Every structure is written in structure tokens, then in C-alpha cells.
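The primary structure of each chain is shown beneath.
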Amino acid sequence: MRILIVGNGMAGARLASDLSSLDTRADVMVLGAEQHPAYNRILLSSVLAGKHRPHDIGLVGGAKARLGVTVTAIDRAAQAVTTESGERIGYDHLILATGSRALVPPLPGLDKAITFRTLDDCHRILGQIDGASTALVLGGGLLGLEAARGLAGRGLKVDVVHAVGHLMERQLDSNASRVLERTLTELGITVHLNASAVRAGADWLELADGRVMRADLLVVACGVRPEIGLATEAGLKVERGIVIDERLRTSDRRISAIGDCAQVGSEVSGLVAPAWEQARVVARQLTGAEPLAVYTPPAPVTRLKASGIDLAAMGSLQAEGAEDLSFQDISSGTYARLLIKNERVAGAVMLGDNPSVGKVIQLFDRKLPVPLDRRALLLGRSLDGSSSVEVDSPALMPDAATVCQCNSVTKGALVNCWRDGRRVLAEVVERTRVTTGCGSCRDTVEGIMNWLARGEAA
Amino acid sequence: MNTVATHCPYCALQCGMMLSERPDGGVEVGPRDFPTNRGGLCQKGWTAAELLDHPERLTAPLIGGREATWDEAYSLIVSKILDIQREHSKDAVAVFGGGGLTNEKVYSLGKFARVALGTKHIDYNGRFCMSSAAAAANKAFGLDRGLPFPLADLAEADTLVLVGANVAETMPPFARYLTEQRANGGTQIVVDPRATPTARNATLHLQPTPGTDLALALGLLHIVIAEGLADESYVESRTAGWAAVRASVAGYWPARVERLTGIPVADLEFTARALKRGKAIILTARGAEQHSKGVDTVTAFINLALALGLPGSPGSGFGTLTGQGNGQGGREHGQKADQLPGYRRIDDPAARAHMAAIWGIDAAEIPGPGISAYEMLDLLGTQIKALMVFGSNPVVSAPNARHIAGRLASLDFLVVCDFVLSETAALAHVVLPVAQWAEEDGTMTNLEGRVIRRRALRKPPPGIGTDLAVMAELGARLSHGNKNGVRFDSAPHIVFEELRRATAGGVADYAGVTWERVDAEDGVFWPCPAADRAGTPRLFDTSFPTPDGRARMFPVEHRPVAEEVDAEFPLYLTTGRVLSQYQSGAQTRRILPGGVFLELHPDLASRMGFDEGTPIRVISRRGEMLAPARLSPAIRPDTVFAPFHYPGVNELTSPALDPISRMPEFKVCAVRLERA
């Protein structure tokens with residue numbers, strides 16, 4: 001079976017890799033419009049920040065990808081696609097992984113601005129930051145903040161212009177937004193909320209209130225839109241994205257769609273976790289590993305982690321009918337809010353130093369019951385039974401308390417030794433074998449012996 | 001009073017101990033300042049002598065459960081083996097060995113199987129223990145010695161990462177080095193799904209979802225690359241395969257790894273950065289290795305160590321913690337299905353010729369590679385009609401144990417050598433009572449690759465033989481009429497001399513090790529190719545024993561556990577050890593108190609209405625067991641734990657095997673709980 005994948009991004013390359021690991025002989029071709037080999041788009045902000053080198057963000061593909069090949073049409077009747085150069089490539093099964101493109105608001109002058117979506121965008125931005133000291137980012141969603149963080153990491157002073165009243169409004173509540181704003185300020189990023197841009201140039205924005213903001217560089221990061229042109233023209237059912245069923249098939253059963261371009265139910269995701277799960281499902285179907293595999297969307301988790309920022313947001317923050325837990329320490333930039341329904345995490349936002357963030361994400365992801373003591377979710381590891389057996393005063397230790405685990409020696413056994421006249425550590429060791437295992441109880445044993453010597457046991 | 005300096009019979013730390021015979025005939029254990037344990041012992045060691053005169057000790061051979069003479073037993077074994085081999089094939093008789101046997105026994109057992117029985121079927125319980133780490137180390141370094149440096153190096157490390165190792169309970173005197181390392185100001189990071197005593201003492205405890213250590217290792221390497229922590233000049237000059245590995249971890253960005261493992265990104269970053277501060281050592285143990293992806297997991301941690309330039313750098317490196325007493329020597333000298341002594345491969349013509357010359361047979365007579373432990377046990381009763389077991393108790397220690405017990409019961413003939421009637425011995429047609437550790441001489445190779453001496457305090461009690469004598473006598477009887485005159489010796493020092501010649505020129509080269517040197521030097525580290533050459537405490541300082549001297553890096557990918565939880569079996573079961581017990585418990589259960597239990601989180605217990613001590617039925621797809629609940633906040637609420645020393649626990653575990661090492665996935669399977 002000839003498997004043809006259109007799109008060599010996060011979804012397409014992953015599918016090729018999954019196909020080849022399930023069946024090394026699978027006949028797979030990938031067509032990528034970009035000139036670059038498949039790369040990990042998640043890491044673009046890291047490239048922007050100077051952490052990853054561009055050639056270090058390659059994705060392991062499975063099939064030979066043809067790069068710089070743009071598909072212009074699908075001939076569904078003939079089961080073939082046509083490329084820009086007029087080449088026709090046949091398929092038995094076609095997967096559209098065309099992704100999404102940067103959304104540029106229809107403002108006068110904005111068409112000249114640089115977007116932040118592809119490796120080429122990244123190179124374009126990097127090409128302009130030499131000698132630059134300030135940057136403007138239009139958009140205070142996840143993408144905009146990633147761009148801003150990357151630019152700030154390069155030492156630029158950054159202004160973020162956002163039309164809505166709080167940052168990342170799809171993921172955060174207003175308290176989280178305020179804490180995040182404060183954190184960003186410390187990183188050299190100033191946030192302007194409720195600020196609608198009305199006109200723009202290559203390095204300036206005019207806001208609705210008449211202010212004009214200038215910088216050495218303007219980056220537009222206002223989100224993305226599914227790339228559905230090819231599917232639309234081929235007559236496939238499209239709404240916001242290419243409509244697919246639970247088996248990820250489009251309205252043509254020989255064509256599947258995965259990743260940002262695909263719409264499951266009413267949802268278009270834009271996240272990598274669903275794209276990779278979709279790739280896995282399609283690979284299992286097409287290799288026969290599980291011909292009837294169906295797709296269950298993973299729970300959506302948004303994660304922004306860069307030096308100075310640690311943000312996780314997931315699920316719904318609709319408080320109605322939910323337990324609403326929160327912790328905030330604005331001075332340290334820490335904020336956590338969890339909504340719990342039916343003993344499960346229904347939504348959460350965690351910002352700053354939250355040791356429990358990994359646990360909360362897993363509870364949400366796997367729909368596991370939350371701890372009976374909810375504080376463990378907000379405060380992390382300290383309440384999780386991890387305190388070691390340290391006792392301030394030997395007097396408070398029960399006689400049955402084990403002092404030496406390795407040789408099962410209790411405090412009572414040490415007291416008995418003392419009463420029998422063994423008052424030197426070596427004698428106690430000989431009798432009880434205390435401290436002879438891992439040796440970590442030595443301080444405790446000496447403490448007990450000192451306490452006995454002080455006569456407190458009498 | 002008769003006194004000898006010897007080592008503990010149990011784990012691979014092989015603590016030095018003194019044994020003295022009291023006037024009343026009893027045996028007393030005393031401390032001994034050996035470089036590994038520095039006088040320390042745990043309760044297993046202190047009480048080890050109690051089994052010597054234990055009332056349950058076997059005193060005579062058993063045939064069908066009735067006492068018999070040795071001659072009767074030998075005659076029956078020989079005639080049964082010959083009958084079965086005549087009727088079926090040489091390969092219809094198999095041998096199952098153990099990682100607690102001395103080097104001399106291990107060597108003899110491999111020879112006995114290949115030469116006296118002529119069977120390809122020999123494997124051992126180390127397959128359930130060290131095989132994943134061994135396979136990964138061999139691939140990467142060209143050599144598998146658990147620790148390529150002396151234990152004392154651990155205390156000097158600025159950062160120490162232990163992955164799936166609970167030494168505070170499994171080998172307590174080892175933990176002295178951890179205490180010392182922390183006291184020296186070192187950072188200690190422990191990776192374990194349970195907050196074990198080892199984890200609780202660490203600077204940082206990473207508590208991953210069971211079965212996700214591989215993703216963790218890949219995520220750490222991702223961060224190492226992103227933050228420019230890789231040692232590019234080391235990688236350039238001392239390794240091969242970096243480009244592919246580097247590319248392969250781009251897909252393991254921190255947020256993804258956090259979601260897979262449950263370990264917060266901040267902790268991942270802390271760990272990666274800590275590994276770059278001065279000297280650093282990464283150690284894996286069974287927690288990371290006993291998985292159907294154990295080899296890949298170890299490979300990923302080795303890649304991480306290599307990227308950081310650790311192996312071969314003084315005080316730094318990668319190692320694995322060997323578990324069984326002679327788990328190291330036991331995997332070197334020919335009781336593995338694919339192996340000849342000296343860590344040679346049985347499919348290597350040069351190795352076959354070398355061994356054939358020593359054994360005095362034709363190279364063509366040496367059988368080819370056999371199959372791995374679980375696969376071999378799975379063939380019992382069908383292709384394999386007779387089995388001889390030495391130093392192992394697979395009814396308790398094999399995964400999917402109910403099935404394996406059934407396979408054992410279907411054998412035409414089962415022979416077990418042991419000193420007590422273990423669960424496996426109880427199924428045997430013939431049981432041969434053999435000496436214990438304090439009654440025999442020999443060598444062991446500890447977790448550092450240090451060859452050490454086991455010394456006899458006293459002779460075995462009357463009527464009790466030794467494993468070597470059993471092999472020698474059966475070897476002689478089975479080889480009767482063999483004009484080549486193959487010899488099987490029962491004296492351990494003579495066997496060791498043959499082992500020296502056999503290993504000469506091999507990877508694990510003992511040619512220069514003598515018992516006298518071992519005594520004089522507090523043990524000798526292999527490789528030691530000549531009597532006038534020093535041993536090798538530290539490996540890899542200038543090159544790796546690969547054809548081009550470079551370590552090999554291989555890209556690996558994370559994959560899910562073989563048996564994920566689902567609605568029917570919603571909890572992970574993980575297994576491990578407790579402080580007071582050793583392996584299948586055949587020895588320690590007769591000495592130390594304790595019983596099976598199921599550890600579960602109080603939240604889980606509360607949701608299910610269980611209290612401390614509630615009898616619980618634990619059910620997996622393969623079997624079930626009963627155990628009282630033990631509540632502990634140290635375990636994740638999605639996971640339960642049971643100690644594997646007790647019959648029943650391994651009836652639950654999964655026989656999904658690692659594709660390379662054939663290690664079963666002991667550490668994760670899916671279960672559900674019911675009130676019993």
C-alpha cells in the first residue's frame with residue numbers, strides 16, 4: 001500500500017516515524033513544503049532564546065521526506081496529488097498533515113511584520129536582533145509569550161501588546177495573569193493589556209487609544225489557523241479544520257487528517273500531544289497492527305517552561321460545581337489553582353515554583369483520583385510522607401521506634417543496653433549491631449546515649 | 001576456636017565477615033574490616049549462620065521425597081538422563097543455574113551442560129536480574145563489569161544519581177558510601193516510584209510513573225544538549241554514534257517528559273545540571289532494568305553518561321548494581337545460554353576452539369546457543385523433558401510463576417541441588433543436599449568486579465555433598481566411555497586453575513588471578529591477564545574495549561509498558577525486596593521474621609475501604625495472591641508494591657520479555673484489588 005503524507009511537520013514526521021517502527025517495509029512518502037528536514041516546532045522558542053542550535057531540533061522521521069515540495073491539488077478520483085512543479089504522485093492512502101499557519105490580524109501595514117511559526121520565521125527574527133535592543137510582540141497568548149521570552153533571553157527589552165484584559169485568556173484566570181505579568185516584568189517583558197492595535201509598520205504599532213509603540217523589531221504572534229486550503233479545494237468536509245471522525249478519516253475514507261489541520265468534533269487542537277496520538281493511531285491502522293484503532297483525544301495541557309517562567313495550564317477553569325483550591329504567593333510569583341470534580345482534576349493553572357506540577361499534570365492526564373488531603377496538590381512533596389525519621393528529642397521517641405532499620409534495633413533495645421551497664425557505643429554496637437548496616441543511624445544512636453547519660457531516662 | 005575470614009553468603013556487596021566455630025559447635029558471625037563493607041553488616045549477614053544447623057536442612061538425598069543413598073540417587077539420575085536423551089535428544093535435558101554459585105561452580109556447570117550432557121539448554125536466574133544491564137554495557141562499552149570503579153569512588157562524587165536502586169534496604173552497608181557522599185556535600189538524586197529509605201535520604205527524590213525511566217533518561221539528555229552541558233570534546237574523541245543519539249532526543253523536550261514521567265520540569269533541570277557539577281556517577285539497578293525495555297533504558301542512561309563525558313574520568317562514571325552474591329562472576333563463566341567462560345560468545349569460532357582445547361573435546365561437539373531462562377522454563381514438559389537446578393528456586397523467582405510451576409510439574413525428571421527443601425526442590429524427583437557457604441571454598445566476584453575468596457569454616461555435615469562434587473560425579477558417570485577423558489574436578493582450587501586458563505584472553509580475563517593473590521590483595525579486580533600484572537580497579541581510563549576503542553552510543557525511543565493499566569486492572573504492581581529477605585527467600589525466610597504484604601497508599605486504601613492488615617486478593621491476568629494491606633504514603637496512589645521473596649507474588653508478574661536481554665518485565669504489571 002502506498003502511503004502518502006502531505007506535511008513534514010510535527011504530525012507528519014511523527015507518523016512517518018511511527019509507521020516505520022511498526023513496519024520497516026511500509027511504503028511511505030512524505031512531502032514537506034518547507035526546505036528544512038522535519039524539526040521540532042516546540043523547540044523554536046528555545047532556538048530563539050539561544051538554547052538549542054537550529055540543527056539540534058531535528059525530528060527523527062521514518063521515511064524519506066521530499067523537501068520543498070508543495071502539493072497544490074488532490075485528485076480524489078484518481079487517488080493522486082499534484083505538486084507545484086506539476087508532478088503527480090499516486091496514493092492508496094493519503095494523510096493530510098498540513099498543519100497551520102500564523103494568523104496575521106487584518107490591520108493596515110501588518111502584512112510586513114514577521115510572524116513566529118516556522119524555523120524560517122525564527123531565522124528571520126534572529127537575523128534582525130543583532131544590534132537590536134527592543135522588541136514588540138503582538139499577541140499575549142502562549143505563542144506570543146514564548147516569542148517574548150526568547151527575545152528577552154537574548155537581552156532585548158520586550159513589550160507585549162495584547163488586545164484582551166488578561167494574558168493567555170484561553171488558559172489562565174485573571175489572578176494567574178496578574179502573577180504572570182509580574183514574573184514577566186522581572187524578565188524584562190512589559191505587558192500591555194486591553195491594547196488593540198489598529199495600524200502597524202515594520203517596527204511600530206499604533207494602538208486604539210492613539211499610542212504609538214516603536215521598537216527595533218516587531219513580531220506578530222496572534223495564534224494560528226488550520227491549513228485547510230488543499231482539503232477545501234478537494235471537496236473534503238471542512239469547518240474550522242478538516243473534519244475527521246474517531247478513526248481520523250476525512251469525508252473521503254482514503255484520506256485521513258492529523259495534527260493542527262484536523263478538527264475532531266468541534267475542536268481544533270494546535271497542541272502536539274493530540275497530533276502525536278493521532279499519528280500513533282493512524283500508524284496502527286495502516287500497518288495492520290490495529291486496523292480498527294480509534295482516537296481518544298488526550299487531555300489538553302499547556303506548558304510554558306523557560307528560565308524564569310514555569311507555567312502549566314490544563315482543562316477548564318469553570319468553577320461551577322467544582323471544588324476550587326488555590327494558593328498564591330505573589331511576591332515569589334507562585335500561584336496555583338485547581339478545580340476538582342468527582343475527585344478528578346477538572347482544570348488547573350500552576351505558575352511559579354510548584355513542586356506538585358508533575359503530579360497534577362499526571363492526575364489530569366490519566367484522570368486519576370486526587371489525594372484525599374488536597375493540600376498535597378497545592379504544596380507538593382512536603383506533605384507526601386517523605387519526611388525522614390528525625391526526632392528532636394530522644395525523650396519523645398516511643399520505645400518501640402526503630403532506630404536502626406538495617407538491624408531492626410529499637411530505642412527500647414538501646415535503653416535496655418544502658419540499664420545493663422553497656423554505656424560505651426562499642427558495647428552497644430556489639431550487643432545490638434546498631435549502626436553496623438548503612439551507618440546512617442549513628443547520630444541518632446549517639447543522641448540517645450547522650451540523653452541516657454544525662455539521666456533523663458531515670 | 002576455629003576462625004576464618006570470609007564473606008557474607010547473600011548479596012553482591014559480599015561484605016567481609018569473620019566466622020568462628022564455638023565450642024558448642026555453633027557458628028558465630030563477626031565483623032571484618034574489608035574495603036567494601038568496612039566492618040558493616042546488615043541483619044541478613046549477622047544471622048546468616050543460623051541456617052547452617054537449621055532443622056529444615058536436608059541431610060540425605062531424596063528420591064520421590066524419601067531418603068536415599070547418594071549412589072542410588074546418582075544411578076537414577078544417570079539412567080534417567082541417558083534414557084531421555086536416547087529417546088528424545090541431548091537437548092531434552094536442560095540445566096538451570098544461579099547467580100549465587102561460586103565462580104568455580106558456574107564454570108563447572110557450563111562445562112557439565114555442554115560437555116557431559118551435550119545440551120545447548122543452560123541458562124540461569126541472573127537472566128531475571130542482570131541481563132538488561134549486561135547487554136547494554138556490552139553494547140556500549142564492549143565489556144560488562146557492574147561497577148567499572150571501586151565502591152569508594154561513590155563517596156567522592158559531587159553528584160550521584162541512583163535509578164531504581166534501594167540500597168538502604170537491599171544492601172545496607174553499601175549505603176555507608178551514600179551517607180559519606182552526602183556528608184562530603186555531594187548531591188544525591190534517587191529515582192524510584194516509591195519513597196524508599198534510600199529515596200528519603202536523598203537530596204532529591206524523583207518519583208516517576210512505573211515504566212517511564214527510559215523517558216526520564218532521554219529527557220535528561222535533551223536538557224543536557226539544550227543547556228550546552230555535553231562534553232563535546234570527550235564525545236568527539238571517545239565515542240561513536242553521537243549524532244544519531246543527539247538527533248533522537250529532540251523529541252523528548254521537558255514538558256513532554258514531565259507528562260510521561262510525572263517528574264516536574266524543574267526537577268529534571270536540577271538533575272541535568274547537577275550531573276555537570278564536578279565528578280558525577282550514574283547508577284542503575286533492577287528498578288530501571290527489570291522491564292521489557294530494560295536494555296534501552298540502561299542504554300539511554302549510558303548515553304547520558306557518555307554525553308557528559310563521565311565514563312573513564314576519575315571519580316565519575318556509569319555503573320549498575322549487581323544483586324546476587326555472585327551475580328557478576330555468575331554472568332561471566334558460561335552458565336548463560338549464549339556464552340562460554342571469560343565472557344566469550346558461544347557462537348564465536350575462536351572462543352569455541354579455545355574452550356574445546358581446554359576441555360579436551362572437538363569444537364564441533366560444543367553445542368550452539370540455547371535460549372533464555374524464561375523461554376527455557378516455558379519449554380519444560382514439551383521439548384525439554386528433564387531439568388537440573390543448581391542454586392535457584394524458579395518456582396518463586398520466575399515471572400508468571402503459576403505457569404512455570406505447572407511446566408516444572410510436567411517434567412519427566414527434575415533434579416534440584418539445594419540445602420533446604422525450597423519450593424522448587426519440593427517438586428523434584430531427586431533432591432541432592434549440598435554444602436552451604438561456610439562449608440566450602442571458592443571465589444566470588446563482587447559488584448565491583450573484585451574477585452574475592454569464600455573460605456570454609458568447617459566441613460559439610462555427614463551425608464551432604466557439594467555442587468562441584470555432584471557435577472564431578474555425574475560428569476564422570478555420564479562421560480563413561482568417553483575416550484577423550486574429560487575431567488570434572490570436585491576440588492574448587494583445581495577448578496579455579498582451569499577457569500584461569502579458560503578465561504585467558506577473554507573479556508573477563510582471570511588468568512592472572514590466584515587464590516593467593518586474592519588473599520594478599522583484598523581481592524583482585526578483573527581483567528587481570530597475568531600473575532605479574534596488577535588487577536584493574538578502574539576501567540576505561542584511556543579507551544574502551546571495543547574494536548576502535550570508542551564507546552558506542554545507540555539511539556533509543558521510549559515506549560509504554562507491556563501491560564498498561566485499564567478499567568479491569570487499574571493499578572500498577574511493582575515488586576522488589578525488603579531488608580530482611582534475600583531473593584526467593586529459601587534461606588532468609590527460615591531465619592528472619594516477616595511475611596508477604598501489599599504496600600498501598602492510604603488514599604487508595606481509604607477509597608477501597610481497606611485498613612492496615614485488611615486481607616487483600618491481588619489479581620492480575622496470570623494469577624492471584626493473598627496479602628495483608630500495609631499502608632504507606634511512600635508509594636504512589638496508582639501503584640501497589642509486593643516483595644518478591646514470597647511464593648505467590650510472581651504468579652502475578654508479566655513474562656513480557658526485553659527483545660535483547662530476554663529480561664521479564666518484573667517491575668510493572670496491571671492488577672486489581674479485592675477484599676479477600
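In this text, all values refer to a predicted model and were calculated from it rather than measured experimentally.

So, how was this worked out
Residues numbered from 1 in each chain as written. Chains lettered and ligands numbered in written order. Predicted model: local features only at pLDDT ≥ 70, side-chain atom pairs only at ≥ 80, totals over all residues. Helix = DSSP H or I, 4+ residues; strand = E, 2+ residues; numbered from the N terminus. Rg over C-alpha atoms; globule rule 2.2 N^0.38 Å. Buried ≥ 20, exposed ≤ 12 C-beta atoms within 10 Å, placed from the backbone. Contact = placed C-beta atoms within 7 Å. Pairing = 2+ DSSP bridges. Axes fitted to C-alpha atoms, helices over the stretch in contact; angles between N-to-C directions. pLDDT = per-residue confidence, 0-100. Core = buried A, V, L, I, M, F, W, Y, C linked by C-beta atoms within 7 Å. Nonpolar A, V, L, I, M, F, W, Y, C, P; charged D, E, K, R; others polar. Expected span 1.5 Å × (residues − 1). Arc of directions from axis to C-beta. Parallel < 35°, antiparallel > 145°, perpendicular 65-115°, else oblique. Left-handed = near helix turned anticlockwise from the far one by under 90°.

With respect to the overall build of chain B
A count of helical and extended segments in chain B gives 24 helices and 28 strands. Its C-alpha radius of gyration of 24 Å places chain B within 12% of the 26 Å reference for a compact globule of 676 residues. Overall, the C-alpha framework of chain B stretches about 70 × 60 × 55 Å when taken along its three principal axes. Every one of the 676 residues in chain B was classed for burial, and the buried ones make up 63%.

Some details on the overall build of chain A
A count of helical and extended segments in chain A gives 12 helices and 28 strands. The C-alpha radius of gyration computed for chain A amounts to 29 Å, which surpasses the reference 23 Å derived for 458 residues by more than 25%, pointing to a less compact arrangement than a globule. Along the longest, intermediate and shortest principal axes, the C-alpha atoms of chain A span 100 × 60 × 45 Å. The 458 residues of chain A split such that 48% are buried. In chain A, once contacts between residues fewer than 6 apart in sequence are set aside, the share between residues at least 24 apart is 59%.

A word on the sheet that holds strand S15 (residues 212-214) of chain A
Residues and elements named next belong to chain A. With antiparallel pairing, the 3 strands of this open sheet are ordered in space as S13-S14-S15. Each edge of the open sheet is held by one strand with a lone partner, namely strand S13 (197-200) and S15. Each strand axis lies, on average, 25 degrees off the axis of its neighbour in the sheet, ignoring direction. The pairing of S13 with strand S14 (residues 204-207) spans 3 bridges and is antiparallel.

A short note on the confidence of the model for chain B
Regions with low pLDDT should not have their predicted coordinates read in detail. Summary statistics for chain B give a mean pLDDT of 95 and a share of 99% for residues scoring 70 or more. Taken together, the chains of this predicted complex give a pTM of 0.93 and an interface ipTM of 0.87.

A short note on the pairing of strand S17 (residues 413-418) of chain B
All names here are of chain B. Among the 6 residues that make up S17, 5 are buried, leaving the element largely enclosed by the rest of the structure. Here S17 pairs with strand S18 (residues 430-433) via 4 bridges, running parallel. Note on S18: the bridge partner recorded for Asp 418 is Pro 433.

Re the nonpolar core
Formed by 373 residues in total, the largest nonpolar core has its most connected members in Leu15(A), Leu96(A), Leu218(A), Val219(A), Ile242(A), Ile258(A) and Leu304(B). The dominant element in this core, judged by the number of residues it contributes, is helix H9 (residues 213-226) of chain B, at 11 residues. Discounting residues that sit within four places of it in the chain, Ile242(A) has contacts with Leu96(A), Ile228(A), Ala231(A), Leu236(A), Thr250(A), Ala257(A), Cys261(A), Ala262(A) and Gln263(A).

Overview of the interface of chain A and chain B
Taken residue by residue, the interface counts 40 residues in chain A and 44 residues in chain B. Tallying contributions element by element places helix H8 (residues 357-366) of chain A first for the side of chain A that touches chain B, with 6 residues. Here the side of chain A that touches chain B is composed, by residue class, of 15 nonpolar, 16 polar and 9 charged.

A word on helix H1 (residues 10-22) of chain A
All names here are of chain A. Spanning 13 residues, H1 covers 18 Å between terminal C-alpha atoms, matching the ideal 18 Å at 1.5 Å per step. Judged by how many residues are buried, H1 sits mostly within the fold: 10 of 13 residues are covered. Burial in H1 covers these residues: Met 10, Ala 11, Gly 12, Ala 13, Arg 14, Leu 15, Ala 16, Ser 17, Asp 18 and Leu 19.

Describing the confidence of the model for chain A
Taken over all residues, the pLDDT of chain A has a mean of 91, while the share at 70 or more is 96%. Taken together, the stretch residues 382-389 of chain A has pLDDT below 50 and engages in 14 contacts with residues farther than four places along the chain or on a different chain.

Points about helix H12 (residues 442-453) of chain A
Residue and element names in this part refer to chain A. The end-to-end C-alpha separation of H12 is 16 Å, in line with the 16 Å expected for 12 residues at 1.5 Å each. Among the residues of H12, Thr 444, Val 445, Ile 448 and Met 449 are the ones counted as buried. Across the axial projection of H12, the buried residues extend over an arc of 135 degrees, all falling on one side. In H12, the exposed residues that point more than 90 degrees away from the buried face are Asp 443, Glu 446, Asn 450 and Ala 453. Of the surrounding secondary structure, the elements contacted by the buried residues of H12 are strand S27 (402-404), helix H10 (411-419) and helix H11 (425-432).

What to know about the sheet that holds strand S12 (residues 280-284) of chain B
Residues and elements named next belong to chain B. The strand order across the open sheet formed by 5 strands is S10-S9-S8-S12-S13, and the pairing between neighbours is parallel. Taken across any chain shown, the strands that pair with only one partner, and hence form the sheet edges, are strand S10 (204-206) and strand S13 (317-320). Here the average twist between neighbouring strands, direction ignored, is 15 degrees. As paired elements, S12 and S13 share 4 bridges and run parallel to each other.

As for the packing of helix H4 (residues 131-141) of chain B against helix H15 (residues 294-307) of chain B
Residue and element names in this part refer to chain B. Relative orientation of the contacting elements H4 and H15 amounts to 45 degrees, with a least axis distance of 8 Å. Judged on the interaxial angle alone, H15 and H4 are oblique. Handedness of the H4/H15 crossing: right-handed. Where H4 approaches H15, its residues Ser 132, Ala 133, Ala 135, Ala 136, Lys 139 and Ala 140 are matched on the opposing element by Gly 294, Val 295, Val 298, Thr 299 and Ile 302.

Structural notes on the environment of Ile281(B)
Residues and elements named next belong to chain B. Residue position: Ile 281 is located in strand S12. When the C-alpha atoms of Ile 281 and Asn 166 are compared, they prove to be 16 Å apart, with 115 residues separating the residues in sequence. Excluding its chain neighbours within four sequence positions, the residues that come into contact with Ile 281 are Asp 153, Leu 154, Ala 157, Leu 160, Ser 316, Gly 317 and Gly 319.

Some words on unusual backbone geometry
For the bond running from Trp526(B) to Pro527(B), omega is 0 degrees, close enough to zero to count as cis. A positive phi angle, close to 70 degrees, is found at Arg433(A), a residue other than glycine. Of note, Arg433(A) is situated in the loop between H11 and H12. With a phi angle near 50 degrees, Arg38(B) is a residue other than glycine that sits in the positive phi range. Overall, Arg38(B) belongs to the partly exposed group, with 19 C-beta atoms counted inside 10 Å.

A word on the pairing of S14(A)
In summary, the side chains of a regular strand alternate between the two faces of the sheet. Residue and element names in this part refer to chain A. From the end of S13 to the start of S14, which pair antiparallel, there are 3 residues. Two elements, S14 and S15, share 3 bridges in a ladder whose sense is antiparallel. Looking at S15, one finds that Glu 206 is bridged to Val 212. Counted along the chain from S14 to the antiparallel partner S15, the turn is 4 residues long, and its residue Gly 210 has a positive phi close to 95 degrees.

Brief notes about the packing of H9(B) against helix H12 (residues 254-261) of chain B
All names here are of chain B. H12 packs onto H9 with a crossing angle of 160 degrees between their chain directions and a minimal axis gap of 9 Å. The angle between H9 and H12 falls in the class roughly antiparallel. Here the hand of the crossing between H9 and H12 comes out left-handed. Between H9, through Ala 215, Leu 216, Leu 218, Gly 219, His 222 and Ile 223, and H12, the contact on the second element is made entirely by Pro 254, Val 257, Leu 260 and Thr 261. For the contact of H9 with H12, the per-class residue count stands at 7 nonpolar, 3 polar and no charged.

Let's talk about the environment of Ala313(A)
All names here are of chain A. For Ala 313, the location among the structural elements is in strand S23 (residues 309-315). Looking at Ala 313, the number of C-beta atoms within 10 Å reads 23, which means it is buried. Considering only alpha carbons, one finds Ala 313 and Ala 348, 35 residues apart in sequence, at a separation of 5.6 Å. For Ala 313, the residues in contact, after removing those within four places along its chain, are Gln 171, Leu 172, Thr 302 and Val 349.

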